[in-house]
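Summary of structural features
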Amino acid sequence: MSAIVSLRDVSVHFGSSRAVDGVSVDVKPGEVLALVGESGSGKTTLIRAIQGLQPVTSGEITHTPAPGARPAGSDRSRGNRGVQMIFQDPTGALNPRQTIYEIVAEGLRIRKESKDEAARVARALSRAGLRPPERFFPMYPHQISGGQRQRVVIAGAMVMEPDLLLADEPVASLDASIRGEILALMLDLVGETGLSILVVTHDLGLAWNIADRVAVMYLGRIVELGPTEQILGSPKHPYTRALLSVVPETNRMEQQILTGEIPDSRRIPVGCRFHPRCPLFQSGTLPDEVASRCITEDPDQLDSSANWSVACWAVAAEGKPEDGSVGA
Amino acid sequence: MSRPVLSVKDLTITYNSSAGPVPAVRGVSFDLAVGESLGLAGESGCGKSTLANSLLRLLPEGTVTSGEVTIDGQDLFALSPGGLRAVRWTTGAIVFQGALHALNPVQTAGRQVCEPMHIHETVASDDEARARSRQLFERVGLSANLLEAYPHQLSGGQRQRVLIAMALACDPQLLIADEPTTALDLMVQAQVLALIAELRKESSLSLIFITHDLSVLTYVADRLAIMYAGRIVEQGPSLDVFQNATHPYTKALAAAFPTIGDPASRRAPSGLAGDPPTPGALPPGCPFHPRCPLAEDRCSTIEPDLRSSGPGREAACVLI
Ligand SMILES: Nc1ncnc2c1ncn2[C@@H]1O[C@H](COP(=O)(O)OP(=O)(O)OP(=O)(O)O)[C@@H](O)[C@H]1O
Ligand SMILES: Nc1ncnc2c1ncn2[C@@H]1O[C@H](COP(=O)(O)OP(=O)(O)O)[C@@H](O)[C@H]1O
Ligand code: SF4
Ligand code: SF4
Ligand SMILES: [Mg+2]
Ligand SMILES: [Mg+2]
């Protein structure tokens, strides 16, 4: 099955700042892929590049619309309308002076798709769980709750019948109780429309709740990629292991709190970019030949076609993860 | 038993808004022992910050309170302005919600940490304040050269550490932290939580920690109080409450934070339909009944009080 969107060695640099620094990954049709990592790891920059809002410095992003993901007859001639985005803060994303109807119809109007506008707005609203949709048409954002606002944002994306939804921390600003409802809605949309979702989050519980695969990003690079059960169950990369150990609800692991913060993307360390904070490297227990690679050689990028892939010299020296490959 | 550092009895707080009275806290009671840590959780608008701010009388003018608050043996509502000033910072200190963005942009971090010491005259001189701020920076894990940094030069995690240092400036017995980690990412949150755990180990600091993330509280709090519509609806030892919630609202909140690896929550996010109630227009009876999966007829007429629901535990639900 071909990917909905395929990234090959994508870099986005801002002057000397290497926000995204060699990323290869595919989003498959109908999958939920979670992109996790600390602030400043380049997640937002990467999804802005996928959406076409951010030119890439090098590499290639190919978007192949999924056959059948959208009803026949829709206009595919205009760029990447098949890629839609939802943001963290629904309140900030909605114009307070527009009605819910106008907000949801806006994408259609921008693209001058006035045919069946009301029916399409109604369908998008009810798909987002706002039923009966007509009741919401005349309302303003301040008249609905925070959870409903995020549903309106989702309806505004779904009205374009995208095949890829990019979601940047879609529930981080919502209450815990509402969080589950919105995540369930996202899963339903995948089931009902065949949509793919790339969701950016630092909430590993969210990934456990909805993601088929997890990509772990550190300082502009994906360092581990694989099925959710494996990545969250038996992570291989020392960075993934540390992240998982500090999730408050996983008391089963000994906490590995990394010191300091992610380095500035203008000063990516040579060798393995994680080595100054890597607990495994810093422990001094690595064999010399591995440790010397950590400080001199950048582990290769992941093999994005493998089931499970890790960019770490120590993991490479140990052997391959189960039916996967290591990027080294 | 030693005297509690804080004792709250039947506290009610009603804001006066242009649209009428807003009963934000409606009868809350709890004690906090010396060195104890209480976690307050609940959806946005349930009254957590209102409660926290009231403990140092930091509510807006015109707000009506009733009930009793005893802090370090003193009746909070009877304090003179001077007595109140002495309580703030030196007995109890708050790290406000959103304060991460409220540091003074044109003053160095070091100066801001010195400020409460000067105001409360806990130091005799500028030099002493500077020495103390250096110590505090070390205590919260900040390098001394950041004393000269301005807020915009600091990351979110570093700013949160500055705020904690500032709160500790006058060596309070009680630290109230309102959503101190909400804006931080996973690893920085872990660093701040570890710092708070360490501060508590070093001294007999009592803590009230507010967040909507129940799972965080299992890590920092000895005891957990869950608020809904201005009242505590369940309380008890934190891990016990998180893992074996008895109140239907707590159950829903706890389920919203999946245990990674638990097959029951895999591809099955769990939420709670409906919206939190508005304080001005509470439903009759148990305020949770419009959203409660277990609601019965009587729930729309009776508002249950807290009742014992196990060792050291209480819940307010007709089913208990
Ligand atoms: N327009 C820009 N000019 C210069 N540097 C930038 C720009 N945008 C991002 N960066 C840098 O690129 C890196 C990645 O930023 P990005 O915002 O993508 O991270 P992120 O993972 O989304 O973080 P967060 O979770 O905090 O939003 C950071 O070092 C950031 O400072
Ligand atoms: N200054 C105020 N005037 C009127 N109502 C207020 C004021 N501050 C808070 N409220 C109301 O009191 C309730 C509780 O608020 P708050 O304590 O901030 O909740 P939380 O911290 O749990 O999010 C909310 O309904 C809020 O709108
Ligand atoms: S390559 Fe070396 S430094 Fe990098 S993550 Fe692996 S062990 Fe750590
Ligand atoms: S009193 Fe009734 S409505 Fe309230 S929590 Fe208990 S069962 Fe639910
Ligand atoms: Mg971001
Ligand atoms: Mg609050």
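Residues numbered from 1 in each chain as written. Chains lettered and ligands numbered in written order. Predicted model: local features only at pLDDT ≥ 70, side-chain atom pairs only at ≥ 80, totals over all residues. Heavy atoms only, no water.

Our focus in this paragraph is the overall build of chain A. The helix and strand inventory of chain A stands at 13 helices and eleven strands. C-alpha atoms of chain A, sized along the principal axes, occupy 65 × 40 × 40 Å. Of all 328 residues assigned to chain A, the portion counted as buried reaches 58%. Residue pairs in contact within chain A that sit at least 24 positions apart in sequence constitute 64% of those at least 6 positions apart. Per element, the accessible surface of chain A, about 13000 Å² overall, is 49% carbon and sulfur. Distance between charge centres in chain A, computed from 33 positive and 39 negative side chains, equals 6 Å. (Helix = DSSP H or I, 4+ residues; strand = E, 2+ residues; numbered from the N terminus. Buried < 20%, exposed > 50% of the residue type's maximum accessible area, 1.4 Å probe, protein only. Contact = heavy atoms within 4.5 Å. Areas by Shrake-Rupley, 256 points an atom, 1.4 Å probe, with all protein chains shown as cover. Lys, Arg positive; Asp, Glu negative; His and termini not counted. Charge placed at Lys NZ, Arg CZ, Asp CG, Glu CD.)

With that out of the way, let us pick up the site of ligand 2. Residues and elements named next belong to chain B. Around ligand 2, a shell composed of Y15, A24, E43, S44, G45, C46, G47, K48, S49, T50, P60 and P279 is seen. Residue S49 places a side-chain N or O atom 2.6 Å away from an oxygen atom belonging to ligand 2. T50 places a side-chain nitrogen or oxygen 2.5 Å from an oxygen atom of ligand 2. When the free accessible area of ligand 2 is taken as 560 Å², the share hidden by the protein chains comes to 66%. A class-by-class count of the residues in the shell around ligand 2 yields five nonpolar, five polar and two charged. (Near = heavy atom within 4 Å. Polar contact = N/O pair within 3.5 Å; in protein donor to acceptor, adjacent residues only side chain to side chain. Nonpolar A, V, L, I, M, F, W, Y, C, P; charged D, E, K, R; others polar.)

Residue and element names in this part refer to chain B. Summarising the metal site, the magnesium ion (ligand 6) is bound by the protein donors S49 (OG) and Q97 (OE1), whose distances to it range over 2.1 to 2.2 Å. Within this pair, whereas S49 is found in helix α1 (residues 48–54), its partner Q97 is found in the loop between β6 (92–95) and α3 (109–119), the two being separated by 48 residues in sequence. Taking relative accessible area as the criterion, Q97 reaches 46% and is therefore assigned partly exposed. (Donors = N, O, S within 2.8 Å, 3.2 Å for Na, K, Ca; no water.)

Now for the sheet that holds strand β4 (residues 58–63) of chain A. Residues and elements named next belong to chain A. The strand order across the open sheet built from three strands is β2-β1-β4, with neighbouring strands paired in antiparallel fashion. Of all strands in the sheet, those with a lone pairing partner are β2 (17–27) and β4, marking the two edges. Recorded for the sheet is a direction-independent mean angle of 20° between the axes of neighbouring strands. Here eight bridges tie strand β1 (residues 5–14) to β2, and the two strands are oriented antiparallel to one another. Pairing of V5 across the sheet is with V27, part of β2. (Pairing = 2+ DSSP bridges. Axes fitted to C-alpha atoms, helices over the stretch in contact; angles between N-to-C directions.)

Next up on the list: the environment of E36 of chain B. All names here are of chain B. Within the fold, E36 resides in the loop between β2 (20–32) and β3 (37–41). With relative accessibility at 16%, the residue E36 sits in the buried group. Along the chain, E36 and L207 lie 171 residues apart, while their C-alpha atoms are 6.4 Å from each other. Discounting chain neighbours no more than four positions away, the residues touching E36 are D31, R200, L205, S206, L207, D222 and R223. Looking at E36, its side chain comes within polar contact range of the side chain of R223, at 2.8 Å.

Joining two cysteines, a disulfide is a covalent bond between their sulfur atoms. Under the defined criterion, the tally for this structure stands at zero disulfides over all chains. Residue C170 of chain B stays outside any disulfide, its sulfur separated by 10 Å from that of C114 of chain B, the closest cysteine. (Disulfide = S-S within 2.5 Å.)

Each side of the interface is counted separately: chain B has 40 residues, and chain A has 42 residues. Across the interface of chain B and chain A, roughly 3400 Å² is buried in total on both sides, 58% from carbon and sulfur atoms. A salt bridge links R266 of chain B to E229 of chain A; the shortest N-O distance between them is 2.8 Å. For the pair chain B and chain A, the interface holds 14 residue pairs in polar contact (both at pLDDT 80 or more). Of all the elements in the fold, those that place two or more residues in the side of chain B that touches chain A are α5 (156–167), α6 (186–202) and α7 (214–220) of chain B. For the side of chain B that touches chain A, the element with the highest residue contribution is α6 of chain B, accounting for seven residues. For the side of chain B that touches chain A, a count of residues per class yields 19 nonpolar, 14 polar and seven charged. (Buried area = accessible area lost by both parts, 1.4 Å probe. Salt bridge = Lys/Arg side-chain N within 4 Å of Asp/Glu carboxyl O.)

Here the residue pair R131 of chain A and P132 of chain A is connected by a cis peptide bond, since its omega of -10° sits within 30 degrees of zero. Tracing the sequence through the fold places P132 of chain A in the loop between α4 (117–127) and α5 (133–136).

As a further point, take the sheet that holds β2 of chain B. Residue and element names in this part refer to chain B. Across the sheet, which stays open at both edges, the four strands sit in the order β2-β1-β4-β5 with antiparallel pairing between neighbours. Edge positions in the open sheet fall to β2 and β5 (74–75), since each of these has one partner strand only. Here strand β1 (residues 6–17) pairs with strand β4 (residues 64–71) via seven bridges, running antiparallel. Pairing of T12 across the sheet is with S66, part of β4.

The quantities given are spatial measurements derived from coordinates; they are silent on function.
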